[in-house]
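Structural overview
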Amino acid sequence: MPIWLEAGAWGLLAGAALVIGALVAWFVQVPRSVVASVMAFGSGVLISALSFDLIDEAERTGGLLPTVAGALGGAVVYVAANVVLARHGARHRKRSQDQQPSEDEHGGSGTAIAIGALLDGIPESVVLGVSLLGGGGVGVSVLAAIFISNLPEGLSSAAGMKRGGRSARYVFGVWIGIALASGVAALVGSLLLQDAAPEAIAAITAVAAGAILAMVADTMIPEAFEKTHLYAGLLATIGFLAAFVVGRA
């Protein structure tokens, strides 16, 4: 199988976790504490993958300065886009309770939430596609981190959408669309960068890592902490160590 097609398949698999989470939220009344706990765990898993796989690999390949500059640039771009979307009603897109506005409360918020969900998922998918370019196959710890974090993301956000009066057509349209976009992003990222210099790949990886870290801090940890409070740190640490063990096993 061509690398770019394999990248697309892995990206689609990781994005499918969002749809699974949304299905659970729509048909099952999951306690908010459970959602928050898994969100905290997933945050730790992602931070571990960023630290020991993405940033570390980018620094070893492209050098310290390009890695720092790329990660900072990715975070700045993500936060800037997030600020714009927040002003249009997507501020609480990963919240599971009543924080998400309805379309009547904030016109255009549905579109903003959908775009925000896409913004959250694209960097992760690009990283998956790029991880295949070294010839060693997909990074298992990175794939596991993205899949595990996507489940509570889809669950929490879909629960909030449902409470905000969004229809099933809207909710599943968003998440199926994001899953497909994740596959396309991984495919395109792998295809465009397959002949790129290692330094360029390292820079792209760093940019995506910075955006992912900003997303974790801006959207995942607040939802996790709001319900788990003092246990959020412990759950995140467990997730961090679990991903570390998987990466070293």
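It should be emphasised that the depicted structure is a prediction, and the values quoted were computed from it without experimental measurement. (Residues numbered from 1 in each chain as written. Predicted model: local features only at pLDDT ≥ 70, side-chain atom pairs only at ≥ 80, totals over all residues. Heavy atoms only, no water.)

For the protein, the count of helices and strands is eight helices and zero strands. Taking the contacts inside the protein whose residues are at least 6 apart along the sequence as the reference set, 84% of them involve residues at least 24 apart. When the accessible surface of the protein is split by element, carbon and sulfur atoms take 70% of a total near 11,100 Å². (Helix = DSSP H or I, 4+ residues; strand = E, 2+ residues; numbered from the N terminus. Contact = heavy atoms within 4.5 Å. Areas by Shrake-Rupley, 256 points an atom, 1.4 Å probe, with all protein chains shown as cover.)

Turning to the environment of Tyr 231, a few remarks are in order. Within the secondary structure, Tyr 231 is located in the loop between helix H7 (198-228) and helix H8 (232-248). Taking C-alpha positions, Tyr 231 is 8.2 Å from Ser 37, a pair spaced 194 residues apart along the chain.

Let's shift gears to helix H5 (residues 140-163). The end-to-end C-alpha distance of H5, which contains 24 residues, comes to 35 Å, matching closely the 34 Å that a straight helix rising 1.5 Å per residue would cover. By the criterion of burial, H5 is predominantly enclosed, with 17 of the 24 residues buried. Gly 165 lies just past H5 and shows a positive phi near 90°. (Expected span 1.5 Å × (residues − 1). Buried < 20%, exposed > 50% of the residue type's maximum accessible area, 1.4 Å probe, protein only.)

Right, let's talk about the UniProt feature "transmembrane region" (unreviewed entry) in the protein for a bit. Those residues carrying the UniProt feature "transmembrane region" (unreviewed entry) are residues 7-28, 34-52, 64-85, 126-149, 170-194, 200-217 and 229-247 in this numbering. As annotated, residues 34-52 has a helix share of 100% and a strand share of 0%, and its two end C-alpha atoms lie 27 Å apart. The straight-line gap between the two end C-alpha atoms of residues 200-217 is 26 Å; of that span, 100% is helix and 0% is strand. (UniProt positions renumbered as here; feature names shortened; annotations may be inferred.)

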